[in-house]
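Summary of structural features
The primary structure of each chain is shown beneath.
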Amino acid sequence: LVPMGVSRGHSRELNAAQQATVIDVYDLTLESNREVAQGTGAAFGGYVANRATAGENAAIQALATGAGALVGSVVGNTVSDLALDKAGTGLILQMPTGRTMAISQQNDSRVNFTVGDRVWVIQEGNTVRVVPQTQ
């Protein structure tokens, strides 16, 4: 079995696992929460601009705060696109019951899935991950 990262909270836990066969593989991007990044950037940009114009009259300070929030939102969105999005793989799986399932997961450089691969589908609480079978 290929070594995979497991959180400490899930170590020594008994998790459900079932076999499946990969019937389709596709690349995807796991997008970060852009709204959070934009909101955080806007709040930070607005705060910095507001503090930088603390001695100015109210109109200048309000204008600077609004401009800072706008710039911060754009920066937050850009950071989200560049740093927070992750490359992922989409898998369509044929379960032993005949049911077809789909899962998206972050890429692992140690694993490349191909059609026909036999895999383990491991459920850990509310999350599921797919790992290759070795036998």
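Residues numbered from 1 in each chain as written. Predicted model: local features only at pLDDT ≥ 70, side-chain atom pairs only at ≥ 80, totals over all residues. Heavy atoms only, no water.

Turning our attention to the overall build of the chain. Looking only at helices and strands, the chain features two helices and five strands. Each helix and strand of the chain, ordered N terminal to C terminal, gives the series β-α-α-β-β-β-β. For the chain, the proportion of its 135 residues judged to be buried stands at 28%. Sequence-distant contacts in the chain: of pairs separated by 6 or more residues, those separated by 24 or more amount to 68%. Of the roughly 8,900 Å² that the chain leaves accessible, carbon and sulfur atoms contribute 56%. (Helix = DSSP H or I, 4+ residues; strand = E, 2+ residues; numbered from the N terminus. Buried < 20%, exposed > 50% of the residue type's maximum accessible area, 1.4 Å probe, protein only. Contact = heavy atoms within 4.5 Å. Areas by Shrake-Rupley, 256 points an atom, 1.4 Å probe, with all protein chains shown as cover.)

The next point concerns the nonpolar core. Counting 11 residues, the largest nonpolar core consists of A20, V22, L91, L93, M95, I103, V111, F113, V119, V121 and V130. If we ignore the near neighbours within four places in the chain, the residues touching V119 are Q18, Q19, A20, V22, L93, F113, V130, V131, P132 and Q133. (Core = buried A, V, L, I, M, F, W, Y, C linked by side-chain atoms within 4.5 Å.)

If you walk across this open sheet you meet the five strands as β3-β2-β1-β4-β5, and the pairing is antiparallel. Edge positions in the sheet fall to β3 (100-106) and β5 (127-132), since each of these pairs with one other strand and no more. In this sheet, neighbouring strand axes are inclined to one another by 45 degrees on average, regardless of whether the strands run parallel or antiparallel. Where strand β1 (residues 16-30) lies against strand β2 (residues 86-94), nine bridges are found, and the strand directions are antiparallel. Residue pairing across strands places T21 opposite Q94, the latter belonging to β2. (Pairing = 2+ DSSP bridges. Axes fitted to C-alpha atoms, helices over the stretch in contact; angles between N-to-C directions.)

Let us now look at the side chain of T53. With respect to the helices and strands, T53 occurs in the loop between α1 (34-52) and α2 (58-84). T53 sits in the buried class, given a relative accessible area of 13%. If we ignore the near neighbours within four places in the chain, the residues touching T53 are Q61 and A64.

The subject of this paragraph is the pattern of salt bridges. What the rule picks out here adds up to two salt bridges. The salt bridge partner of E124 is R129, with a shortest N-O separation of 2.9 Å. Side by side, E124 and R129 carry an identical accessibility label, which is buried. (Salt bridge = Lys/Arg side-chain N within 4 Å of Asp/Glu carboxyl O.)

With that settled, consider a nonpolar patch on the surface. A surface patch of nonpolar side chains, about 350 Å² in accessible area, is lined by F44, Y47 and V48. Structurally, the position occupied by F44 is in helix α1. Since its relative accessible area comes to 59%, F44 is described here as exposed. (Patch = residues over 30% accessible without salt bridge, like charges linked within 9 Å, V, L, I, M, F, W, Y side chains within 5 Å.)

Turning to the pairing of strand β4 (residues 118-124), a few remarks are in order. Sheet analysis places β1 next to β4, joined by six bridges and oriented antiparallel. Pairing of T21 across the sheet is with R118, part of β4.

Glancing now at the environment of G39. Structurally, G39 can be placed in helix α1. For the pair G39 and S73, spaced 34 residues apart in sequence, the C-alpha separation works out to 6.3 Å.

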